Structure formats: structure tokens, C-alpha cells
Amino acid sequence: MNEEKKKMKITRIENGTAIDHITPGSALKVLELLDLKDEKKSSMTVAIRVDSNKMGKKDLLKIEDKFLTPTESAMIALISPEATINIIKSFEVTEKHQVELPEKLTGIFDCSNPNCITNQEREPVESKFKVSSKDPLSVRCLYCDNLMEEDQITHQLIWAK
Ligand SMILES: [Zn+2]
């Protein structure tokens, strides 16, 4: 069976977003990060560890009537740097691009240093990080210089949000 026919086996959506080439096993984390409160009635497809020509295995998400915000795209890039975003309108893919990690990350997740100025209650300051390495992933807080690695970033994104 060719790749197109394999893809057809998964439910098509009329309008929305397909997030393809997600790091195997990470689709549920991605789903967790997305703001889906307006899409309660939307159909969704979650595929975990399906065959991929490019990656061997991959995860895939299709969400009807959902279009990603720049913050959501950046969050996906943090946990799944190979992911591709397909925007679907009237059953056709109208736009396709790989997620891209911005140089600076503002207000996406909290600094893991409890003493950081961005974690103070009195005058909250929006968190700001600079990406210091993409592979392996690490970011540095622009306020307290705290270096955070992938595990800590994922923890802050998913569990501390
Ligand atoms: Zn900090």
C-alpha cells in the first residue's frame, strides 16, 4: 500500500490542523498543551507509533476546527522538533510547514528557579528564555541565567502550567 492510501485510512477532516511527524509517543503531551476549550465538539484523531517513511515511527494528531497560535507552535517545537503542521481547509491541505523554535521564548513556561524574579508573586514578570542549544534542547533564563534542559522544560510545560 502506498503512503497516500495509508493516510486515507485515518479520518479526514474538513477544516482544522493535522500535526504530523510528532516524536513517537509524544502526541498526548502535544494534545495536553493545546488550548482546546473552543473545540469541545470537534473530532480528533490521535495516532501513536504509526509507520512513517521518514522517521520509522511517528505520532499524528488531527484536530477539527483548530488552528494553532504561535505560542502553541513554539510549544510543539519544544517537545517535538520534527513535527509538521498541515492546515486543512475544505478537505485540502492549504499550508504545510515544519514547526520552528523561536530564538526567544516569552511567557510560554515558568523558570524552574523558584527565586527567579519571574516567579515572584508581587510584581509578576513574564518569563523569557533564550534557546542555547536545539539538540539536545536547553534554554537559558534571561533574568536569572538558570539553564533548563529538555526534561525540566517538558515538566514546566505539562505539569506546572
Ligand atoms: Zn529565571
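These numbers come from a predicted model, not from an experiment.

A. The pairing of strand β8 (residues 137–141), seen in detail. The buried fraction of β8 is high, at four of five residues. Examined bridge by bridge, strand β7 (residues 128–134) and β8 share five bridges and lie antiparallel to one another. Paired with Lys 134 across the two strands is Leu 137, which belongs to β8. What sits between β7 and β8 in their antiparallel hairpin is a turn of two residues. Strand direction decides the pairing type here: β8 and strand β9 (residues 147–149), joined by three bridges, are antiparallel. Across the sheet, the residue bridging to Ser 138 is Glu 149, located in β9. Linking two consecutive strands that pair antiparallel, namely β8 and β9, is a turn of five residues; a positive phi of about 70° is found at Asp 145 within it.

B. View of the sheet that holds β7. Ordered by their spatial adjacency, four strands build an open sheet running β6-β7-β8-β9, and the pairing between neighbours is antiparallel. Single-partner strands in this sheet number two, and they are β6 (104–106) and β9. Taken pair by pair, the neighbouring strands of this sheet meet at an average axis angle of 30°, ignoring direction. Where β6 and β7 come together, three bridges link them in antiparallel fashion. When the bridges of β7 are listed, Lys 104 appears paired with Lys 130. Of the strands in this sheet, β8 and β9 touch helix α4 (residues 150–158), which is tilted by about 85° from β9.

Reading guide: rules and limits
- Residues numbered from 1 in each chain as written.
- Predicted model: local features only at pLDDT ≥ 70, side-chain atom pairs only at ≥ 80, totals over all residues.
- Heavy atoms only, no water.
- Buried < 20%, exposed > 50% of the residue type's maximum accessible area, 1.4 Å probe, protein only.
- Helix = DSSP H or I, 4+ residues; strand = E, 2+ residues; numbered from the N terminus.
- Pairing = 2+ DSSP bridges.
- Axes fitted to C-alpha atoms, helices over the stretch in contact; angles between N-to-C directions.
- Contact = heavy atoms within 4.5 Å.

Read these as spatial facts, not as claims about activity.
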